[in-house]
Amino acid sequence: MSKTIFALVDCNNFYASCEKLFRPDLTHTPVVVLSNNDGCVVARSKEAKKLGIKMGVPVFQVRELMRQQGVLAFSSNYALYADISQRVMSTLEMLAPRVEVYSIDEAFLDLSGLQQLQSLTEFGHGIRQRIQKWQGISVCVGIAPSKTLAKLANHAAKTWPQTAGVVDLTDKARQRKLLALLPVGEVWGIGGKLTKRLQQLGINTALQLADANPNYIRQHFSVVVERTVRELNGESCLALEEMAATKKQIISSRSFGERITNKPQMAEAISEYISRACTKLRQEQQQAKHLTVFLRTSPFSDKDTPYSASKSIELDMPGSDTRLFLSKAMQLLDALWVNGHRYAKAGVMLADFYDPGVYQPGLFDQPANFEQQQQQTAADQKLMQLMDKLNAKHSKTIWFASQGAKQEWGMKRELLSPAYTTNWQQLPVAK
DNA sequence: TCTGGGGTCCTAGGACCC
DNA sequence: TCTGGGGTCCTAGGACCC
């Protein structure tokens, strides 16, 4: 049995690259992509990075710089990114036998056994060339005996141009050389808080973390960090997961384009979120028994009195019918709503999932109700299926009146690019 | 004036039981 | 008056990721 080898393939500046795909005129223009409501910078082209625009900054803080430097901004266009992502992932699936789609712009590949047949570095370059040619997206490839090391190898491939976008970190000496160069905060799973605590113990580099005693780390931190230490030493603790795990919760929430101060508008927003969450729930072919609704004012404002509240409810039986969750959510909203606040955000969460038909009623539930409920459920399911089918073609073909037609509180997306690949009306035109 | 959204996993501590 | 200890389950909150 040969040793496991992972590759991490990660798209470079993914959202910004997607925006440039159909705009050859922007090849050398600095481009940023904004979060919902055009609030923060969530992606930057390499030109924008060079200008010092940081990931996650609020747009208003860099607006002047962007104007001076001619940086072009786009609202996030998830329909486009998801479509390009799918194409990249299918290409990877042709090139490697086992692929784990880790996020919209990253995938882990299992390269075990490949070493006997060809050079891993060459294989990495093959991936880069193919995706560049077929999708027009540039990727970097990191190769190593554990996922955590593959992440670092990828980081190295992105950081140092002389690697030409591929780093093979299967060699132990090479691993240690790279680890010594990297601050501990660059390690996958080590965030800001852990970095601080580790530094207090004199652990500043990735190599120092790798050389720490796993038991000591477990005592002072957790099993998670202990696993990271082992992974840094080339011991694979995190397996490749090809099958997407079934979700345990579904959240739908948004910041409002404008603050909400009246309850009917809030009811519209909550209805919209319930509708999205239930659609997702049915896509997952699951039923939920738990519902949470939450509202809050802006945590950044110092003139608004802060208010943040959530309430939950357990249904008698798990379900996926939008109407059922709508009526429960409105009850929760009645209990949560307080007049006089300027609400900035709200959302709903579904949890406690069951496969349809497997829920065991409790000892004291009324069996008589179940038969009735089940008959009703069959009809309800048909209705929901029909609705999902209609909305799958063109979202918002039909919707519940409570969601509101105008949605004045809705997201700001003033800088949206066309849906080049997912809408016939907006296909790119070759001139 | 303007600050994203959607997830997962782990731990600590309380409630409860025997 | 004296007032154990161990186990389980659940929840809230913290930390991380992209």
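Residues numbered from 1 in each chain as written. Chains lettered and ligands numbered in written order. Predicted model: local features only at pLDDT ≥ 70, side-chain atom pairs only at ≥ 80, totals over all residues. Heavy atoms only, no water.

Trainee: Help me out: how do you make sense of the UniProt feature "domain: UmuC" (unreviewed entry) in chain A in this one?
Mentor: Annotation from UniProt places "domain: UmuC" (unreviewed entry) at residues 6-191. Helix and strand shares over residues 6-191 are 44% and 20% respectively, and the end C-alpha atoms of the span are 23 Å apart. (UniProt positions renumbered as here; feature names shortened; annotations may be inferred. Helix = DSSP H or I, 4+ residues; strand = E, 2+ residues; numbered from the N terminus.)

Trainee: Sorry if this is basic, but what is going on with the protein's contact with DNA strand B here?
Mentor: Taken together, 22 residues are adjacent to DNA strand B, and Asn36, Ile251, Ser253, Arg254 and Ser255 come closest. The sugar-phosphate portion of DNA strand B accounts for 72% of its atoms within 4 Å of the protein, the bases making up the rest. Ile251 places a main-chain nitrogen or oxygen 2.6 Å from a phosphate oxygen of DNA strand B. Taking Ser253, its main chain carries an N or O atom lying 2.7 Å from a phosphate oxygen of DNA strand B. Counting only elements with at least two residues in the surface near DNA strand B, the list comes to α11 (223-232) and β9 (249-260). The dominant element in the surface near DNA strand B, judged by the number of residues it contributes, is β9, at eight residues. (Near = heavy atom within 4 Å. Polar contact = N/O pair within 3.5 Å; in protein donor to acceptor, adjacent residues only side chain to side chain.)

Trainee: Before we go on, may I ask you to explain the sheet that holds strand β4 (residues 72-75) in this structure?
Mentor: For sheets, the rule is that strands pair by backbone hydrogen bonds, running either parallel or antiparallel. With mixed pairing, the three strands of this open sheet are ordered in space as β3-β2-β4. Looking along the sheet, the strands with just one partner apiece sit at the ends: β3 (41-44) and β4. Taken pair by pair, the neighbouring strands of this sheet meet at an average axis angle of 30°, ignoring direction. Where strand β2 (residues 31-34) and β3 come together, three bridges link them in antiparallel fashion. From the neighbouring strand, Leu34 faces β3, where its bridge partner is Val41. Packing of helix α1 (residues 14-21) onto the sheet brings it into contact with β2, β3 and β4, and relative to β2 it is tilted by some 115°. (Pairing = 2+ DSSP bridges. Axes fitted to C-alpha atoms, helices over the stretch in contact; angles between N-to-C directions. Contact = heavy atoms within 4.5 Å.)

Trainee: Just checking my understanding: could you explain the protein's contact with DNA strand C for this structure?
Mentor: Within the structure, DNA strand C sits among 13 residues, and Ser103, Lys151, Gly189, Gly191 and Leu194 are positioned closest to it. Sugar plus phosphate: this is where 100% of the atoms of DNA strand C within 4 Å of the protein reside. A distance of 3.4 Å separates a phosphate oxygen of DNA strand C from a polar atom in the backbone of Ile190. A distance of 3.3 Å separates a phosphate oxygen of DNA strand C from a polar atom in the backbone of Lys193. Sorting elements by how many residues they give to the surface near DNA strand C places helix α8 (residues 192-200) first, with three residues. Class assignment for the residues of the surface near DNA strand C results in five nonpolar, four polar and four charged. (Nonpolar A, V, L, I, M, F, W, Y, C, P; charged D, E, K, R; others polar.)

Trainee: Can you help me understand helix α7 (residues 172-181) in this one?
Mentor: Because the α-helix completes a turn every 3.6 residues, residues three or four places apart line up on one side. Those residues of α7 not exposed but buried are Gln175, Leu178 and Leu179. Here the buried residues of α7 occupy an arc of 100° about the axis, which is enough to place them on one side. Residues of α7 that are exposed and point more than 90 degrees away from the buried face comprise Ala173, Lys177 and Leu181. In this fold, the buried residues of α7 make contact with α6 (147-159), α9 (206-210) and α11. Regarding α7, its N-cap is Asp171, as a side-chain oxygen of that residue lies 3.4 Å from the backbone nitrogen of Ala173 further along. (Buried < 20%, exposed > 50% of the residue type's maximum accessible area, 1.4 Å probe, protein only. Arc of directions from axis to C-beta.)

Trainee: Just to check I follow, could you spell out the domain arrangement of chain A for this structure?
Mentor: Where interface size is given, it is often the accessible area lost as the parts come together that is meant. Under the domain assignment, chain A is made up of domain 1 (14-77), domain 2 (179-235) and domain 3 (249-403). Spacing between the C-alpha centres of domain 1 and domain 3 amounts to 34 Å. (Domains from an automatic or database assignment.)

Trainee: Looking at this structure, I do not really get the pattern of salt bridges. What am I missing?
Mentor: Think of it this way: side chains of opposite charge can pair up when their charged atoms draw near. With the rule as written, the count across this model stands at 21 salt bridges. One salt bridge in this structure joins Glu242 and Arg98, with 3.0 Å as the shortest N-O distance. Taken together, the residues span a long stretch of sequence, with Glu242 in the loop between α11 and β9 and Arg98 in the loop between α4 (78-95) and β5 (99-103) at a distance of 144 residues. For Glu242, a relative accessible area of 42% puts it in the partly exposed group. Where salt bridges share partners, they join Arg218, Glu226, Arg230 and Glu235 into one cluster. (Salt bridge = Lys/Arg side-chain N within 4 Å of Asp/Glu carboxyl O.)

Trainee: What should I look at first to understand unusual backbone geometry in this one?
Mentor: Backbone phi values are negative for most residues with the exception of glycine, while trans is the configuration of most peptide bonds. The phi dihedral of Asn13 falls on the positive side, at around 45°, and the residue is not glycine. When you line up the elements, Asn13 lands in the loop between β1 (6-11) and α1.

Trainee: Got a minute to help me understand helix α5 (residues 120-135) in this structure?
Mentor: Between the first and last C-alpha of α5 there are 22 Å, a value that for 16 residues agrees with the 22 Å anticipated at 1.5 Å per step. Among the residues making up α5, those that are buried are Leu120, Phe123, Gly124, Ile127, Ile131 and Gln135. Along the axis of α5, the buried residues cluster in a sector spanning 105°; they form a single face. Relative to its buried face, α5 has exposed residues pointing more than 90 degrees away, namely Glu122, Gln129 and Lys133. Buried-residue contacts for α5 involve β1, α1, α4, β6 (106-110), β7 (139-144) and β8 (166-168). A distance of 3.3 Å separates the backbone nitrogen of Thr121 from a side-chain oxygen at the start of α5, and that oxygen is part of Ser119. (Expected span 1.5 Å × (residues − 1).)

Trainee: Would you mind going over the packing of aromatic side chains with me for this structure?
Mentor: The geometry of two aromatic rings is summed up by the distance between their centres and the angle between their planes. What the rule picks out here adds up to 12 aromatic pairs. Through successive ring pairs, a cluster of aromatic residues spans Phe14, Tyr15, Tyr78 and Tyr81. One residue, Arg130, lies across the ring of Trp134, its end atom 4.6 Å from the ring centre. A cation sits over an aromatic face here: Lys147 above Phe108, 4.8 Å from the ring centre. (Phe/Tyr/Trp six-rings, centres within 6.5 Å; stacked < 30°, edge-to-face > 60°. Lys NZ or Arg CZ within 6 Å of the ring centre and 35° of its normal.)

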